Amino acid sequence: MNIYEETKFLMKKYNITANKNLGQNFLIENSVIHTILDSAKISKEDLIIEIGPGLGTLTQELLQRAKKVIAIELDEKMTTILNDRFHFYDNFQLIHQDVLKVDLKAMLQAEQMQRKQVKIVANLPYYITTPIIMKLLEDKLPIESITVMVQKEVAERLTAIPGEKNTGAITYCVSYYSEPTEVMVVPNHFFIPAPQVDSEVIHLEIREKPPVTLKKEEIFFKVIKASFMQRRKTLINGLANSNICTKETAKEILNKMNLPEHTRGETLSMEQFAQIANILCEE
Ligand code: SAM
């Protein structure tokens with residue numbers, strides 16, 4: 001049976017209709033699965049956290065390649081199927097919970113694995129892609145990488161170069177914590193049901209050390225969020241409207257950095273945001 005036939009068979013056997021509210025789009029293309037596994041560079045020493053295993057298509061392959069797979073799935077119907085399929089694998093652990101509520105840090109501490117041997121792999125539910133990625137990065141988990149399928153448009157934003165095309169607040173966050181790369185574009189007909197838009201696999205290699213030096217990380221992210229809150233506003237208005245500083249202070253900072261007063265946040269590099277945040281810490 002190929003993956004397409006297996007997916008159809010499982011959906012029929014368990015009377016499954018994909019739940020749109022849970023972002024269920026099942027992957028049915030073998031080559032994509034192998035590309036995900038290869039770009040995650042999985043070895044027999046690795047612990048893999050899979051988010052949203054669904055019917056278990058990716059899980060099946062992960063179980064062959066990794067030391068252990070911890071799969072986190074919210075939908076009870078899926079957990080029944082996953083248990084039926086994989087309960088006899090001694091390297092399989094299933095957590096039936098909303099991934100956003102799982103204490104991943106505590107879970108990983110209990111596993112006592114080296115950072116280099118912990119990887120996150122997923123075909124993410126699209127309705128919560130951003131909160132999941134933010135949680136994985138901001139929790140500063142001891143992990144080597146995150147390899148995930150997301151909507152193509154989101155992938156472009158996550159992997160954009162800060163200050164260039166397609167930049168959003170999350171671009172800076174991703175680049176601060178990791179080195180992102182685009183792996184492959186996946187057409188929508190490689191899923192059941194087919195989503196409205198194409199998808200893309202991306203790989204985030206977690207940095208051991210941030211690329212900029214900050215006096216206070218919190219101020220850096222506050223400044224970035226404020227500048228992207230109102231996209232068409234200038235940086236001066238963004239900072240003032242978010243009560244980070246007065247317009248006068250913002251103007252002084254831009255003058256100090258030799259930047260024009262009409263500068264908008266999305267044109268700034270990571271280093272320039274770091275400079276602004278560090279000057280604000282001195283005020
Ligand atoms: N991995 C499967 C595949 O590639 O065919 C399914 C991927 S599907 C895009 C997303 C999966 O995430 C679904 O199984 C869905 O039930 C699950 N999911 C949705 N919200 C979740 C959440 N908050 N926590 C954990 N899993 C969730």
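Everything numeric here is computed off the predicted structure, so don't read it as measured data. All residue numbers refer to position in the chain's written sequence, counted from 1. Only residues with pLDDT of at least 70 are given local features in this predicted model, and only at 80 or more are side-chain atom pairs given and counted; all residues enter the totals for whole chains, interfaces and linings. With hydrogens and water excluded, all non-hydrogen atoms of the structure serve as input to the side-chain values.

Engineer: Would you mind showing me how to read the site of the ligand here?
Structural biologist: Surveying the vicinity of the ligand reveals 22 residues, the closest of which are Gly 52, Glu 73, Asp 98, Asn 123 and Tyr 127. Polar contacts, as used here, are pairs of N or O atoms within 3.5 Å; protein pairs need one atom able to donate a hydrogen and one able to accept it. Residues neighboring in sequence count only if both atoms are side-chain atoms. Leu 27 has a polar backbone atom sitting 2.9 Å from an oxygen atom of the ligand. Contact between the ligand and Gly 54: an oxygen atom at 3.4 Å from a main-chain N or O atom of the residue. Starting from 600 Å² of accessible surface for the ligand in isolation, the protein chains cover 99%. The distinction between a cavity and a pocket rests on a 1 Å grid over the protein atoms alone: a 1.4 Å probe fits inside a cavity but cannot get out, while a pocket stays open yet meets protein on both sides within 12 Å along at least five of seven lines, and a residue with an atom within 4 Å of a point counts as lining. Should more than half of a molecule's atoms lie within 2 Å of a pocket's or cavity's grid points, that molecule is taken to sit in it. In this structure the site holding the ligand corresponds to the largest cavity. Contributions of two or more residues to the shell around the ligand are made by β1 (26-27) and β3 (68-73). A molecule or strand has a residue near it when one of that residue's heavy atoms lies within 4 Å. Areas reported here follow the Shrake-Rupley algorithm with a probe of radius 1.4 Å; residue values treat only the protein chains shown as occluding. Starting at the N terminus, helices and strands are each numbered in turn, a helix being any DSSP run of H or I of at least four residues and a strand any DSSP run of E of at least two.

Engineer: Is there a simple way to think about the sheet that holds strand β4 (residues 92-96) in this case?
Structural biologist: Reading across from one edge, β4-β3-β2-β5-β6-β9-β7 is the order of the seven strands in this open sheet, with mixed pairing throughout. Since the sheet does not close on itself, it has two edges, and those belong to β4 and β7 (178-186), each with one partner. Each strand axis lies, on average, 20° off the axis of its neighbour in the sheet, ignoring direction. We treat two strands as partners when DSSP finds at least two bridges between them. Pairing geometry for β7 and strand β9 (residues 199-206), over eight bridges, is antiparallel. Residue pairing across strands places Glu 179 opposite Glu 205, the latter belonging to β9. A fitted line through C-alpha atoms serves as each axis, taken over the contacting stretch for helices, and the angle formed by two N-to-C directions is quoted from 0 to 180°.

Engineer: For this particular structure, what's the right way to read the pairing of β3?
Structural biologist: Remark: a regular strand shows side chains that alternate across the two faces of the sheet. Burial analysis of β3 places five of its six residues in the buried class, which makes it a mostly covered element. Note that strand β2 (residues 47-51) and β3 share five bridges and pair parallel. Paired with Ile 51 across the strands is Ile 72, a residue of β3. Bridge count for β3 against β4 is five bridges, and the pairing is parallel. Along β4, the bridge assignment pairs Ile 72 with Ile 95. Throughout, right-handed denotes a crossover for which the path from the first strand over the helix to the second runs clockwise when the strands point away from the viewer. On the question of chirality, the crossover connecting β3 to the parallel β4 by way of helix α4 (residues 76-86) is right-handed. Only protein chains enter the accessibility calculation, which uses a 1.4 Å probe; a residue is then buried when its area is under 20% of its type maximum, exposed when over 50%, and partly exposed in between.

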